[in-house]
Amino acid sequence: MGGEKVGKRIQMIAFDMDGTITQHKCPLGEENKKVLDRLAKLYRLLIVGAGSGSRIFRQMGGYPIDILANYGMQEWEYCQERGEMEVVRNISVRCDRESVDRRMDQLRRQFGYMNYAGESVEYHPSGCVTLPLLGTEADSREKLSFDPDRSRRRAIYPYVKELFLDYTVYVGGSSSFDLAPRPYSKYYALDRYCEERGLSHDQVVYVGDDYGPGGNDESIYRSDFTFYTIDDYRQLGTVLNEFLR
Ligand SMILES: [Mg+2]
């Protein structure tokens, strides 16, 4: 498949944010802003992030771009006339906390995480849930050294998935699992965004760094969308070279 042909058919380029166009949780840098500016002349651009829309918007420094946030439960649209972002979708789902607490207890007992600081589970207004293995109040140094290559969490990931079949389970943060209620995922959100705008999947490419097991880009990586993998956000221009003309 020649680059030229791909470039002509494609209408939209969708991006993960952290680790793809920015350093994790850092503002958008000059270099990648220039890449986005050049792409924006030729393509519709979209961010599909795992974090909250307001954090993504801040990190992007107000860059005019649509944002799907919160594992696809939130949608922000850039309004050209007013020059501001508007929340057009903000889904929250009721969470059965008793059931989640019980299952987390089971997980802690099974794998020896009975000692934790603060709360055992963190509940979010959207209905998403964080399972911090070391607890909500754990020491940040301890959290960072707990599982830097994710191998400890990947080892028990199949079990956690099995235990929380009503959620999509992600290996998130430094020492936790993140749960998003089904059917919400980046794939679900991107698919709906495309459908509502008359875009077919083969008119869209996606760029992301977290495509491994339990990664927040995995649902798109394993789908029919064309996926450009990136392992260093400073390579964005290189990875998308064929679109920069
Ligand atoms: Mg990422």
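Residues numbered from 1 in each chain as written. Predicted model: local features only at pLDDT ≥ 70, side-chain atom pairs only at ≥ 80, totals over all residues. Heavy atoms only, no water.

- In the annotation of an unreviewed UniProt entry, the entry for the protein reads Phosphomannomutase, and the organism field reads Flintibacter hominis.
- The UniProt entry for the protein carries the following text under Cofactor (unreviewed entry): "Mg(2+)". (UniProt positions renumbered as here; feature names shortened; annotations may be inferred.)

Overview of the environment of G62
Here's step 1: Position of G62 among the secondary structure elements: in the loop between helix 3 (53-59) and strand 3 (66-69).
Here's step 2: Accessibility expressed as a relative area gives 32% for G62, which makes it partly exposed.
Here's step 3: Residues G62 and L28 lie 34 residues apart in sequence; the distance between their C-alpha atoms is 9.9 Å. (Helix = DSSP H or I, 4+ residues; strand = E, 2+ residues; numbered from the N terminus. Buried < 20%, exposed > 50% of the residue type's maximum accessible area, 1.4 Å probe, protein only.)

Looking at the sheet that holds strand 8 (residues 167-172)
Here's step 1: The strand order 6-7-9-8 describes an open sheet built from four strands, whose pairing is antiparallel. The two strands at the open ends of the sheet, each matched to only one other strand, are strand 6 (122-123) and strand 8.
Here's step 2: Where strand 8 and strand 9 (residues 176-181) come together, six bridges link them in antiparallel fashion. Paired with G172 across the two strands is S176, which belongs to strand 9.
Here's step 3: Together, strand 7 (129-132), strand 8 and strand 9 form the strand contacts of helix 6 (residues 151-163), whose direction differs from that of strand 8 by roughly 170 degrees. (Pairing = 2+ DSSP bridges. Contact = heavy atoms within 4.5 Å. Axes fitted to C-alpha atoms, helices over the stretch in contact; angles between N-to-C directions.)

Notes on the domain arrangement of the protein
Here's step 1: When its domains are assigned, the protein resolves into domain 1 (3-91 + 184-243) and domain 2 (97-181).
Here's step 2: If you look at the interface, domain 1 gives 14 residues, while domain 2 gives 12 residues.
Here's step 3: Summing both sides of the interface, domain 1 and domain 2 together bury roughly 990 Å²; the carbon and sulfur share of this comes to 52%.
Here's step 4: Inspection of the domain 1/domain 2 interface yields one salt bridge.
Here's step 5: Here D210 ties to R150 by a salt bridge, and the two come within 2.9 Å at their closest N and O atoms.
Here's step 6: Taken together, the residues of the side of domain 1 that touches domain 2 break down into five nonpolar, six polar and three charged. (Domains from an automatic or database assignment. Buried area = accessible area lost by both parts, 1.4 Å probe. Salt bridge = Lys/Arg side-chain N within 4 Å of Asp/Glu carboxyl O. Nonpolar A, V, L, I, M, F, W, Y, C, P; charged D, E, K, R; others polar.)

Re helix 4 (residues 97-111)
Here's step 1: Taking 1.5 Å per residue, 15 residues should reach 21 Å; helix 4 reaches 21 Å between its end C-alpha atoms and fits that length.
Here's step 2: Among the residues of helix 4, those classed as buried are S99, V100, R103, M104, L107 and R108.
Here's step 3: At its buried positions, helix 4 is contacted by strand 6, strand 7, helix 6 and strand 8.
Here's step 4: Positive phi appears at G112, one or two residues downstream of helix 4, with a value of about 75 degrees. (Expected span 1.5 Å × (residues − 1).)

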